[in-house]
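If you want the building blocks of each chain, they are given just below.
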Amino acid sequence: MVDLKTTAEIEQMRAAGRVVATALGAVKKHAAVGVSLLELDGVAREVLRSAGAASLFEGYQPGFADSPFSGVICTSVNDGVLHGLPSDERLADGDLLNVDCGASIEGWCADAATSFVVGTPRAEDLELIATTEQALAAGIAAAVPGARLGDIGAAISEVGQKAGVGTNLDFGGHGIGRRMHEDPHVPNAGRPGRGLKLRAGHVIAIEPWFWSGPGSVYVIDDDGWTLRSADHTRGAHAEHTVAITEEGPQILTLP
Ligand code: MG
Ligand code: MG
């Protein structure tokens, strides 16, 4: 069941999205060599608290997890790409950091992620981040009334394939509203013209994630959460919460 959100509900999600974007911005500003992942979690936590927003991540325990998540952000470093549990690990020069944040205000949810390099960047990491952001932009551009869900996945995977990055389809985007994860699943690959017909009022999180190498296999750390490439190639992740409207796609997770 994929429900439609009213204009007023979309505005409530935009309010939550503003907090998420502000938290991600604060984390990016604070991230530096020697700063720990738990300190970054504290920065995001303070943004959510002062805005009166609730974390969607803290206490979250989906079927694949043995324990509830303890952070308000996911912090995935280098070959970590998704679900990174904030720890006392300190950032080093050149680390590629993927940060994901979800929050709700009055029960309406928003979810976004961004990737960036701490300190001196490697050219290949900047390329990987640019590819991931291009894929996100292509996916968002395809999110218009009358298009199909497969158009979004096809747009994302076309960018990835051209860049020769590694993909894994076990995790992808999702509907979002009163809950962080609603129907439909929004895969990062698809066939144009296939799948659910998109309508004004659908709100989805679009979230490509890629590896710099061809690998598609991942391992999970002993913390039960942090997802890494099995071959240690680095990963990048980009996500926005997007409302499909008659005026075109609207990104709700902007500051
Ligand atoms: Mg997310
Ligand atoms: Mg998401």
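Calculation criteria
- Residues numbered from 1 in each chain as written.
- Chains lettered and ligands numbered in written order.
- Predicted model: local features only at pLDDT ≥ 70, side-chain atom pairs only at ≥ 80, totals over all residues.
- Heavy atoms only, no water.
- Helix = DSSP H or I, 4+ residues; strand = E, 2+ residues; numbered from the N terminus.
- Buried < 20%, exposed > 50% of the residue type's maximum accessible area, 1.4 Å probe, protein only.
- Contact = heavy atoms within 4.5 Å.
- Core = buried A, V, L, I, M, F, W, Y, C linked by side-chain atoms within 4.5 Å.
- Polar contact = N/O pair within 3.5 Å; in protein donor to acceptor, adjacent residues only side chain to side chain.
- Disulfide = S-S within 2.5 Å.

Below, the discussion takes up the environment of His30. Note on placement: His30 falls in helix α1 (residues 7-30). For His30, a relative accessible area of 38% translates into the label partly exposed. In this structure the C-alpha to C-alpha distance between His30 and Arg90, which are 60 residues apart in sequence, comes to 13 Å. If sequence neighbours within four positions are ignored, His30 has contacts with Val35, Leu40 and Val43.

Attention shifts here to the nonpolar core. Leu40, Leu48, Ile73, Leu91 and Leu97 are the most contacted members of the largest nonpolar core, which totals 28 residues. Looking at this core, the elements that each hand over two or more residues are α1, α2 (37-51), β2 (73-77), β4 (96-105) and β5 (108-117). Ignoring any residue separated from it by four or fewer positions in sequence, one finds Leu48 in contact with Val19, Ala23, Ala53, Ala54, Ser55, Val72, Cys101, Gly102 and Ala103.

As a further point, take the environment of Asp41. Summarising the element assignment, Asp41 is placed in helix α2. Classification of Asp41 by relative accessible area gives buried; the value is 4%. Not counting chain neighbours up to four residues away, the residues in contact with Asp41 comprise Gly71, Val72, Ile73 and Pro86. Polar side-chain contacts of Asp41 include one of 3.2 Å to the backbone nitrogen of Ile73.

In total, this model carries zero disulfides according to the counting rule given. The cysteine Cys101 is free of any disulfide, with Cys74 supplying the nearest cysteine sulfur at 8.9 Å. Judged by relative accessible area, which is 0%, Cys101 ranks as buried. Note on Cys109: no disulfide assigned, nearest cysteine sulfur contributed by Cys101 at a separation of 12 Å. For Cys109, a relative accessible area of 2% translates into the label buried.

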